[in-house]
Amino acid sequence: MKTIITVLINHIKSWNMVWFGLIFWGSVLNAFAAEFGLLANNPNLSYFFFLFGLILGLVAKFRGTWLWIPAE
Amino acid sequence: MDSSRVDIYSFANEKEIARSFSKRFQWEMALIGLGQAAVFLSLWPLVILNVIPLWIGAITATFCALFAYLPSHEAQHGNYSRGKANRRWIDSLVSHVTLITLMFPHHIMRATHMKHHAYTNDPHKDVDYDTASSSSLLEVFLRSNESTAKYDKYLEVFKDDSNFVKSFEKGALVGLAYRGTLMTLVIFFPLEALFLWWLPSKVGVMYLSTFFSWYPHYQMETGRYKDTRFWHHLLPRYINHSMQLHFVHHLHPGIGHFDEPKAIEALKPFLIERGVPGADQIPDRVSYNPLIKL
(Lines give C-alpha, C1' and ligand atoms only; values in the text may rest on other atoms or scores of the structure.)
Protein backbone atom coordinates (compact mmCIF):
# COMPACT_ATOMS: atom_id res chain seq x y z
CA MET A 1 0.00 0.00 0.00
CA LYS A 2 2.82 2.34 1.01
CA THR A 3 4.61 1.62 -2.28
CA ILE A 4 1.49 2.44 -4.27
CA ILE A 5 1.12 5.76 -2.42
CA THR A 6 4.81 6.58 -2.98
CA VAL A 7 4.56 5.77 -6.69
CA LEU A 8 1.38 7.84 -6.94
CA ILE A 9 2.94 10.83 -5.14
CA ASN A 10 6.06 10.66 -7.33
CA HIS A 11 3.91 10.49 -10.45
CA ILE A 12 1.81 13.47 -9.34
CA LYS A 13 4.93 15.45 -8.43
CA SER A 14 6.42 14.81 -11.84
CA TRP A 15 3.32 15.09 -14.03
CA ASN A 16 1.31 17.54 -11.90
CA MET A 17 1.37 20.34 -14.46
CA VAL A 18 0.42 18.08 -17.33
CA TRP A 19 -2.62 16.73 -15.48
CA PHE A 20 -3.50 20.23 -14.33
CA GLY A 21 -3.32 21.50 -17.90
CA LEU A 22 -5.45 18.68 -19.25
CA ILE A 23 -8.09 18.57 -16.51
CA PHE A 24 -8.20 22.13 -15.15
CA TRP A 25 -7.44 24.27 -18.18
CA GLY A 26 -9.16 21.79 -20.52
CA SER A 27 -12.37 21.89 -18.46
CA VAL A 28 -12.25 25.67 -18.07
CA LEU A 29 -11.67 26.32 -21.78
CA ASN A 30 -14.36 23.81 -22.68
CA ALA A 31 -16.80 25.49 -20.28
CA PHE A 32 -16.07 28.92 -21.82
CA ALA A 33 -16.60 27.45 -25.29
CA ALA A 34 -19.95 26.02 -24.21
CA GLU A 35 -20.90 29.34 -22.56
CA PHE A 36 -20.21 31.24 -25.80
CA GLY A 37 -22.11 28.68 -27.89
CA LEU A 38 -19.04 27.36 -29.73
CA LEU A 39 -19.95 23.75 -29.01
CA ALA A 40 -23.58 24.02 -30.15
CA ASN A 41 -22.87 23.09 -33.78
CA ASN A 42 -19.65 21.20 -33.28
CA PRO A 43 -19.44 19.27 -29.99
CA ASN A 44 -16.18 17.66 -31.17
CA LEU A 45 -14.47 21.00 -30.55
CA SER A 46 -14.32 19.88 -26.90
CA TYR A 47 -11.40 17.62 -27.87
CA PHE A 48 -9.54 20.64 -29.17
CA PHE A 49 -9.94 22.55 -25.88
CA PHE A 50 -8.78 19.61 -23.78
CA LEU A 51 -5.88 19.07 -26.18
CA PHE A 52 -4.97 22.75 -25.82
CA GLY A 53 -5.03 22.36 -22.02
CA LEU A 54 -2.81 19.30 -22.32
CA ILE A 55 -0.33 21.20 -24.50
CA LEU A 56 -0.26 24.07 -21.98
CA GLY A 57 0.55 21.52 -19.27
CA LEU A 58 3.24 19.79 -21.32
CA VAL A 59 4.92 23.10 -22.15
CA ALA A 60 4.80 24.01 -18.44
CA LYS A 61 6.35 20.67 -17.45
CA PHE A 62 9.29 20.98 -19.81
CA ARG A 63 9.70 24.70 -19.22
CA GLY A 64 9.57 24.24 -15.44
CA THR A 65 6.80 26.77 -14.96
CA TRP A 66 3.63 28.05 -16.61
CA LEU A 67 3.92 30.10 -19.77
CA TRP A 68 2.80 33.30 -18.03
CA ILE A 69 5.49 33.03 -15.33
CA PRO A 70 9.07 34.11 -16.18
CA ALA A 71 11.42 31.12 -16.24
CA GLU A 72 14.46 31.32 -13.94
CA MET B 1 27.24 57.87 24.28
CA ASP B 2 26.75 58.10 28.09
CA SER B 3 25.95 54.99 30.17
CA SER B 4 22.42 56.14 31.22
CA ARG B 5 21.47 56.47 27.54
CA VAL B 6 22.78 52.98 26.84
CA ASP B 7 20.72 51.65 29.73
CA ILE B 8 17.47 53.31 28.58
CA TYR B 9 17.77 51.82 25.12
CA SER B 10 18.98 48.41 26.19
CA PHE B 11 17.67 45.35 24.39
CA ALA B 12 16.24 44.10 27.68
CA ASN B 13 14.08 47.24 27.93
CA GLU B 14 12.99 46.95 24.31
CA LYS B 15 12.07 43.32 24.87
CA GLU B 16 10.16 44.11 28.04
CA ILE B 17 8.03 46.72 26.26
CA ALA B 18 7.44 44.34 23.34
CA ARG B 19 6.45 41.58 25.73
CA SER B 20 3.76 43.76 27.29
CA PHE B 21 2.05 43.78 23.84
CA SER B 22 2.52 40.06 23.30
CA LYS B 23 0.04 38.66 25.76
CA ARG B 24 -3.45 39.20 24.37
CA PHE B 25 -5.35 36.44 22.61
CA GLN B 26 -5.83 37.63 19.03
CA TRP B 27 -9.57 37.00 18.93
CA GLU B 28 -10.16 39.46 16.07
CA MET B 29 -7.84 37.47 13.84
CA ALA B 30 -9.42 34.14 14.80
CA LEU B 31 -12.82 35.63 13.95
CA ILE B 32 -11.60 37.02 10.61
CA GLY B 33 -9.95 33.72 9.66
CA LEU B 34 -12.85 31.45 10.55
CA GLY B 35 -15.39 34.02 9.32
CA GLN B 36 -13.91 34.53 5.88
CA ALA B 37 -13.55 30.75 5.43
CA ALA B 38 -17.22 30.27 6.37
CA VAL B 39 -18.26 32.94 3.85
CA PHE B 40 -15.97 31.44 1.21
CA LEU B 41 -17.34 27.91 1.68
CA SER B 42 -20.94 29.12 1.72
CA LEU B 43 -20.42 30.76 -1.68
CA TRP B 44 -20.25 27.35 -3.37
CA PRO B 45 -23.83 26.18 -2.66
CA LEU B 46 -25.11 29.73 -3.09
CA VAL B 47 -23.60 30.03 -6.58
CA ILE B 48 -24.27 26.44 -7.68
CA LEU B 49 -27.92 26.69 -6.62
CA ASN B 50 -28.19 30.08 -8.40
CA VAL B 51 -29.04 31.96 -5.22
CA ILE B 52 -26.36 34.51 -6.14
CA PRO B 53 -24.73 35.07 -9.54
CA LEU B 54 -21.20 33.83 -10.15
CA TRP B 55 -19.74 37.34 -10.48
CA ILE B 56 -20.93 38.32 -6.99
CA GLY B 57 -19.52 35.05 -5.70
CA ALA B 58 -16.20 35.75 -7.43
CA ILE B 59 -15.88 39.26 -5.95
CA THR B 60 -16.80 37.99 -2.48
CA ALA B 61 -14.34 35.08 -2.76
CA THR B 62 -11.60 37.52 -3.77
CA PHE B 63 -12.22 39.63 -0.67
CA CYS B 64 -12.14 36.45 1.42
CA ALA B 65 -8.76 35.59 -0.15
CA LEU B 66 -7.38 39.02 0.80
CA PHE B 67 -8.30 38.37 4.43
CA ALA B 68 -7.19 34.73 4.50
CA TYR B 69 -3.48 34.85 5.28
CA LEU B 70 -3.02 37.05 8.37
CA PRO B 71 -5.09 34.85 10.71
CA SER B 72 -2.82 31.95 9.72
CA HIS B 73 0.24 34.15 10.16
CA GLU B 74 -0.73 34.81 13.78
CA ALA B 75 -1.14 31.06 14.25
CA GLN B 76 2.26 30.34 12.68
CA HIS B 77 3.77 32.47 15.47
CA GLY B 78 1.59 30.84 18.13
CA ASN B 79 -0.16 34.11 18.90
CA TYR B 80 -3.43 32.38 19.80
CA SER B 81 -1.97 29.76 22.14
CA ARG B 82 0.62 32.16 23.63
CA GLY B 83 2.86 29.32 24.77
CA LYS B 84 0.06 27.30 26.39
CA ALA B 85 0.27 23.72 25.10
CA ASN B 86 -3.42 23.07 25.73
CA ARG B 87 -4.34 25.93 23.39
CA ARG B 88 -2.18 24.95 20.44
CA TRP B 89 -5.18 23.39 18.75
CA ILE B 90 -6.54 26.93 18.25
CA ASP B 91 -3.40 27.86 16.24
CA SER B 92 -3.84 24.74 14.15
CA LEU B 93 -7.58 25.10 13.66
CA VAL B 94 -7.55 28.76 12.66
CA SER B 95 -4.58 28.36 10.32
CA HIS B 96 -5.82 25.22 8.53
CA VAL B 97 -9.32 26.62 8.07
CA THR B 98 -8.40 30.15 6.97
CA LEU B 99 -5.85 28.87 4.42
CA ILE B 100 -8.49 26.85 2.54
CA THR B 101 -9.34 30.00 0.58
CA LEU B 102 -5.72 30.33 -0.60
CA MET B 103 -5.17 26.59 -1.07
CA PHE B 104 -2.09 26.87 1.15
CA PRO B 105 -1.05 24.01 3.46
CA HIS B 106 -0.54 25.27 7.03
CA HIS B 107 2.52 23.10 7.72
CA ILE B 108 4.41 24.40 4.68
CA MET B 109 3.47 28.00 5.43
CA ARG B 110 4.62 27.74 9.06
CA ALA B 111 7.89 25.97 8.24
CA THR B 112 8.81 28.34 5.41
CA HIS B 113 7.73 31.45 7.32
CA MET B 114 10.03 30.56 10.21
CA LYS B 115 12.87 30.33 7.70
CA HIS B 116 11.86 33.71 6.27
CA HIS B 117 12.25 35.19 9.75
CA ALA B 118 15.56 33.46 10.37
CA TYR B 119 17.10 34.43 7.03
CA THR B 120 15.26 37.57 5.89
CA ASN B 121 16.73 38.91 2.61
CA ASP B 122 19.34 36.17 2.38
CA PRO B 123 19.35 35.36 -1.37
CA HIS B 124 19.90 31.64 -0.77
CA LYS B 125 17.91 30.95 2.37
CA ASP B 126 15.05 33.45 2.52
CA VAL B 127 12.08 31.62 1.01
CA ASP B 128 10.44 34.92 0.03
CA TYR B 129 13.54 36.48 -1.49
CA ASP B 130 12.19 36.01 -5.02
CA THR B 131 9.33 38.45 -4.43
CA ALA B 132 11.22 40.77 -2.09
CA SER B 133 13.95 41.19 -4.69
CA SER B 134 11.63 41.69 -7.69
CA SER B 135 12.45 44.83 -9.59
CA SER B 136 8.83 45.87 -10.25
CA LEU B 137 5.28 45.18 -9.11
CA LEU B 138 4.65 43.34 -12.39
CA GLU B 139 7.49 40.96 -11.56
CA VAL B 140 6.00 40.45 -8.09
CA PHE B 141 2.64 39.55 -9.67
CA LEU B 142 4.22 37.12 -12.11
CA ARG B 143 6.45 35.45 -9.54
CA SER B 144 3.67 35.09 -6.99
CA ASN B 145 1.78 32.90 -9.49
CA GLU B 146 4.05 30.03 -8.61
CA SER B 147 2.27 29.72 -5.28
CA THR B 148 3.71 27.16 -2.80
CA ALA B 149 5.50 25.27 -5.60
CA LYS B 150 8.24 27.89 -5.29
CA TYR B 151 9.08 26.50 -1.86
CA ASP B 152 9.97 23.03 -3.20
CA LYS B 153 13.59 24.02 -3.88
CA TYR B 154 14.06 24.90 -0.19
CA LEU B 155 13.66 21.23 0.72
CA GLU B 156 17.18 20.82 -0.66
CA VAL B 157 18.50 23.99 1.07
CA PHE B 158 17.19 22.89 4.48
CA LYS B 159 17.53 19.12 4.01
CA ASP B 160 19.48 18.83 7.27
CA ASP B 161 16.69 20.41 9.30
CA SER B 162 14.54 17.38 10.09
CA ASN B 163 11.69 19.48 11.55
CA PHE B 164 11.51 21.52 8.36
CA VAL B 165 11.52 18.42 6.15
CA LYS B 166 8.86 16.71 8.31
CA SER B 167 6.58 19.76 8.27
CA PHE B 168 7.12 20.21 4.57
CA GLU B 169 6.20 16.60 3.78
CA LYS B 170 3.10 16.83 5.97
CA GLY B 171 2.08 20.01 4.16
CA ALA B 172 2.79 18.48 0.75
CA LEU B 173 0.07 15.89 1.38
CA VAL B 174 -2.40 18.66 2.26
CA GLY B 175 -1.30 20.47 -0.89
CA LEU B 176 -2.03 17.34 -2.93
CA ALA B 177 -5.46 17.12 -1.34
CA TYR B 178 -6.13 20.74 -2.37
CA ARG B 179 -5.04 19.99 -5.93
CA GLY B 180 -7.21 16.86 -6.02
CA THR B 181 -10.23 18.76 -4.72
CA LEU B 182 -9.78 21.56 -7.25
CA MET B 183 -9.36 19.07 -10.12
CA THR B 184 -12.49 17.19 -9.05
CA LEU B 185 -14.51 20.39 -8.68
CA VAL B 186 -13.40 21.70 -12.08
CA ILE B 187 -14.83 18.62 -13.82
CA PHE B 188 -18.33 19.27 -12.45
CA PHE B 189 -18.25 23.05 -11.93
CA PRO B 190 -15.52 24.45 -14.21
CA LEU B 191 -16.36 28.15 -14.12
CA GLU B 192 -17.12 28.06 -10.40
CA ALA B 193 -13.77 26.36 -9.73
CA LEU B 194 -12.03 29.07 -11.75
CA PHE B 195 -13.84 32.13 -10.43
CA LEU B 196 -14.59 31.07 -6.84
CA TRP B 197 -11.31 29.44 -5.96
CA TRP B 198 -8.42 29.45 -8.44
CA LEU B 199 -8.58 33.09 -9.48
CA PRO B 200 -9.37 34.56 -6.00
CA SER B 201 -6.51 32.53 -4.52
CA LYS B 202 -4.15 33.95 -7.16
CA VAL B 203 -5.30 37.50 -6.44
CA GLY B 204 -4.89 36.80 -2.71
CA VAL B 205 -1.32 35.58 -3.20
CA MET B 206 -0.43 38.57 -5.39
CA TYR B 207 -1.78 40.89 -2.69
CA LEU B 208 0.17 38.97 -0.09
CA SER B 209 3.41 39.09 -2.04
CA THR B 210 3.02 42.79 -2.74
CA PHE B 211 2.18 44.10 0.71
CA PHE B 212 3.61 41.47 3.02
CA SER B 213 6.81 40.73 1.16
CA TRP B 214 7.79 43.27 -1.49
CA TYR B 215 7.02 46.62 0.10
CA PRO B 216 8.45 45.85 3.57
CA HIS B 217 11.62 44.08 2.37
CA TYR B 218 12.41 45.59 -1.03
CA GLN B 219 16.07 46.69 -1.27
CA MET B 220 16.66 46.05 2.43
CA GLU B 221 19.79 44.50 3.90
CA THR B 222 20.14 41.45 6.11
CA GLY B 223 20.21 41.59 9.90
CA ARG B 224 17.96 42.64 12.75
CA TYR B 225 16.80 46.29 12.51
CA LYS B 226 17.91 46.41 8.87
CA ASP B 227 15.89 43.82 6.98
CA THR B 228 12.45 45.46 7.13
CA ARG B 229 11.40 49.08 6.75
CA PHE B 230 8.63 51.48 7.67
CA TRP B 231 7.14 52.64 4.37
CA HIS B 232 4.47 54.96 2.98
CA HIS B 233 2.12 54.86 0.05
CA LEU B 234 -1.08 56.47 -1.14
CA LEU B 235 -3.55 54.08 0.45
CA PRO B 236 -4.82 54.08 4.02
CA ARG B 237 -3.33 51.49 6.33
CA TYR B 238 -6.35 49.15 6.37
CA ILE B 239 -6.04 48.60 2.59
CA ASN B 240 -2.63 46.98 3.02
CA HIS B 241 -3.45 45.15 6.24
CA SER B 242 -1.14 47.54 8.14
CA MET B 243 1.92 46.08 6.49
CA GLN B 244 3.58 49.49 6.77
CA LEU B 245 4.15 48.36 10.35
CA HIS B 246 5.58 44.98 9.36
CA PHE B 247 9.07 45.87 10.60
CA VAL B 248 7.98 45.61 14.24
CA HIS B 249 6.69 42.12 13.53
CA HIS B 250 10.17 41.10 12.37
CA LEU B 251 11.66 42.45 15.57
CA HIS B 252 9.05 40.99 17.92
CA PRO B 253 6.83 38.40 16.19
CA GLY B 254 4.89 37.75 19.39
CA ILE B 255 3.23 41.18 19.26
CA GLY B 256 -0.32 40.60 18.08
CA HIS B 257 -1.25 42.22 14.78
CA PHE B 258 -3.89 44.49 16.25
CA ASP B 259 -1.54 45.56 19.05
CA GLU B 260 1.27 46.60 16.71
CA PRO B 261 0.29 50.32 16.44
CA LYS B 262 0.44 50.81 20.22
CA ALA B 263 3.64 48.78 20.43
CA ILE B 264 5.26 50.92 17.75
CA GLU B 265 4.30 54.13 19.55
CA ALA B 266 5.95 52.75 22.69
CA LEU B 267 8.98 51.41 20.87
CA LYS B 268 9.52 54.37 18.54
CA PRO B 269 12.54 55.82 20.44
CA PHE B 270 14.20 52.39 20.40
CA LEU B 271 13.55 52.01 16.67
CA ILE B 272 15.05 55.42 15.89
CA GLU B 273 18.01 54.68 18.15
CA ARG B 274 18.65 51.38 16.36
CA GLY B 275 18.36 53.01 12.93
CA VAL B 276 15.39 50.99 11.64
CA PRO B 277 14.86 52.20 8.04
CA GLY B 278 12.09 54.81 7.99
CA ALA B 279 11.67 54.87 11.79
CA ASP B 280 12.18 58.63 11.98
CA GLN B 281 9.03 59.03 9.85
CA ILE B 282 6.77 57.07 12.20
CA PRO B 283 4.07 59.41 13.55
CA ASP B 284 3.83 59.81 17.33
CA ARG B 285 0.34 58.43 17.19
CA VAL B 286 -0.27 55.57 14.76
CA SER B 287 -3.89 55.86 13.68
CA TYR B 288 -5.29 54.64 10.38
CA ASN B 289 -4.62 57.66 8.22
CA PRO B 290 -1.41 59.45 9.26
CA LEU B 291 0.47 56.77 7.36
CA ILE B 292 -0.80 58.04 4.01
CA LYS B 293 1.83 59.87 2.05
CA LEU B 294 0.53 62.09 -0.75
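Residues numbered from 1 in each chain as written. Chains lettered and ligands numbered in written order. Predicted model: local features only at pLDDT ≥ 70, side-chain atom pairs only at ≥ 80, totals over all residues. Heavy atoms only, no water.

Attention now moves to the interface of chain A and chain B. Contacts between the two partners involve 18 residues from chain A and, on the opposite side, 17 residues from chain B. Inspection of the region where chain A meets chain B yields zero salt bridges. Inspection of the chain A/chain B interface yields one residue pair in polar contact (both at pLDDT 80 or more). Here the residues of the side of chain A that touches chain B sort into 13 nonpolar, three polar and two charged. (Contact = heavy atoms within 4.5 Å. Salt bridge = Lys/Arg side-chain N within 4 Å of Asp/Glu carboxyl O. Polar contact = N/O pair within 3.5 Å; in protein donor to acceptor, adjacent residues only side chain to side chain. Nonpolar A, V, L, I, M, F, W, Y, C, P; charged D, E, K, R; others polar.)

This part covers the domain arrangement of chain B. All names here are of chain B. Split by domain assignment, chain B resolves into domain 1 (1-22 + 220-280) and domain 2 (25-199). In this structure, domain 1 and domain 2 have C-alpha centres spaced 26 Å apart. With 17 residues of domain 1 in contact, the opposing surface of domain 2 contributes 18 residues. On the domain 1 side of the interface with domain 2, the three residues burying the most area are His 241, His 250 and Phe 258, jointly 38% of the side's total. Where domain 1 touches domain 2, the interface holds zero salt bridges. Put simply, domain 1 and domain 2 have 14 residue pairs in polar contact (both at pLDDT 80 or more) between them. Split into classes, the residues belonging to the side of domain 1 that touches domain 2 amount to six nonpolar, eight polar and three charged. (Domains from an automatic or database assignment. Buried area = accessible area lost by both parts, 1.4 Å probe.)

All names here are of chain B. In this structure, Gln 219 takes a positive phi of about 60° despite not being glycine. Position of Gln 219 relative to the elements: it lies in the loop between α12 (190-217) and α13 (246-251). In this structure, His 241 takes a positive phi of about 55° despite not being glycine. Tracing the backbone through its elements, the reader meets His 241 in the loop between α12 and α13. (Helix = DSSP H or I, 4+ residues; strand = E, 2+ residues; numbered from the N terminus.)

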